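Tertiary structure, described
Below, each chain spelled out in residue letters.
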Amino acid sequence: MERLDGKVALVTGSSRGIGRAVAVELARKGCDVAVNYRAQEAAAHHVVDEIETLGRKAIAVKADVGIPGECEALVASVVKELGGLDILVNNAGVWQGSVIDEIEPPMLNWMMDTNVKGAFYVTGAAVPHMKKAGWGRVINMSSVIGVTGYPGDSAYGATKAALAGMTKSLARELARYNITANAVAPGFIETDMTIETGDDTRAKILKTIPIRRWGRPEEVALMVVFLCEAGGYITGQLFTVDGGYTI
Ligand code: NAP
């Protein structure tokens, strides 16, 4: 088991939901954490407070991961203020469902820019610091929708499958530097992203989950922590946390 005390983590999109849970769990394990957000400044500062209460350092950094220059500035400020960058969790993501003949370019671009390109921009800026340290962890937040597909989710599913594909080449490319790259594919998790799911859809989904409940952000976060702490010989893999949905 690797010790995470004193490691520096950047979790993109950690003002809320799964990202927030990941940031807090990594802090519990001894990491100093950069909390990235795009719009919700107050929520991000609340997460910073939570982490500081745990006795770790934390900073909130505003950056839209879909904009390359903002990603470079994000990584630069993490390194400057927290002294390095060892763990990157590419968690920031957006979702909009649409049947194929109603997908408009702005919707497609928004999901591609945030979910896919953002991971490339931030990882590209972060990896040189991991190489320098001779240790690193990259974790991409994929989704079961990228594995099984879902009606009306071809665009979102494509972005999440892209992350899983990216992870494999990244793992092969970075292994020689003692940097692992893995992807986590949550199932249906209770967050703001899924809060507006209607009762009928919810009931339909529930029947397809063997554990018969939706997941909690903390349950996804524990997988991320495991991959950081114990995952030195695990790389290029996709791990589902889905109550058995993909069985
Ligand atoms: P959420 O509650 O909607 O939170 C999304 C987070 O991403 C927020 O912190 C938001 O920041 C941030 N964000 C959005 N666009 C951004 C951008 N352009 N740049 C930087 N940050 C941005 O979502 P969630 O459910 O926690 O999802 C987190 C990740 O897990 C996503 O990648 C999602 O696709 C994936 N996932 C979720 C589920 C699920 O059931 N919830 C299932 C599978 C996979 P602001 O609030 O500041 O804008």
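Everything discussed here concerns the structure shown above.
Residues numbered from 1 in each chain as written. Predicted model: local features only at pLDDT ≥ 70, side-chain atom pairs only at ≥ 80, totals over all residues. Heavy atoms only, no water.

Another point: the nonpolar core. Nonpolar side chains tend to gather and get buried jointly when the protein is soluble and globular. Membership of the largest hydrophobic core comes to 34 residues, with the highest contact counts inside it found for V22, L26, I87 and V184. Mapped onto this core, the elements with two or more residues apiece are β1 (8-11), α1 (17-28), β2 (32-37), α2 (41-53), β4 (87-90), β5 (136-141) and α8 (217-229). Among residues more than four places away in sequence, those in contact with L26 are L4, A9, V11, C31, I87, V89, V225 and C228. Of all hydrophobic cores here, the second largest spans 29 residues; its members include L10, A34, L85 and L88. (Core = buried A, V, L, I, M, F, W, Y, C linked by side-chain atoms within 4.5 Å. Buried < 20%, exposed > 50% of the residue type's maximum accessible area, 1.4 Å probe, protein only. Helix = DSSP H or I, 4+ residues; strand = E, 2+ residues; numbered from the N terminus. Contact = heavy atoms within 4.5 Å.)

In this section: the pairing of β4. Neither face of β4 is open: one carries I87 and V89, the other L88 and N90, and all of them are buried. Sheet analysis places β1 next to β4, joined by 3 bridges and oriented parallel. In the strand pairing of β4, A9 is matched with I87. (Pairing = 2+ DSSP bridges.)

A separate point is the site of the ligand. The environment of the ligand is formed by 32 residues, the closest being S15, R16, N91, Y156 and T191. Contact distances for the ligand include 2.7 Å between an oxygen atom and a side-chain N or O atom of R16. Between an oxygen atom of the ligand and a side-chain N or O atom of T191, the distance comes to 2.5 Å. Notes on the ligand: free accessible area 900 Å², of which the protein chains cover 97%. (Near = heavy atom within 4 Å. Polar contact = N/O pair within 3.5 Å; in protein donor to acceptor, adjacent residues only side chain to side chain. Areas by Shrake-Rupley, 256 points an atom, 1.4 Å probe, with all protein chains shown as cover.)

Once that is clear, we can look at the sheet that holds strand β3 (residues 58-62). Within a sheet, adjacent strands bond to each other through the backbone by hydrogen bonds, running parallel or antiparallel. The parallel open sheet is built from 7 strands, whose spatial order is β3-β2-β1-β4-β5-β6-β7. Lying at the two open borders of the sheet, with one neighbouring strand each, are β3 and β7 (238-241). The sheet shows a mean angle of 20° between the axes of neighbouring strands, taken without regard to direction. Summarising the sheet, β4 and β5 pair through 4 bridges and their orientation is parallel. Looking across to β5, one finds that V89 is bridged to I139. Most of the contacts of α8 go to β5, to which it runs at about 155°, and overall it touches β4, β5, β6 (179-186) and β7. (Axes fitted to C-alpha atoms, helices over the stretch in contact; angles between N-to-C directions.)

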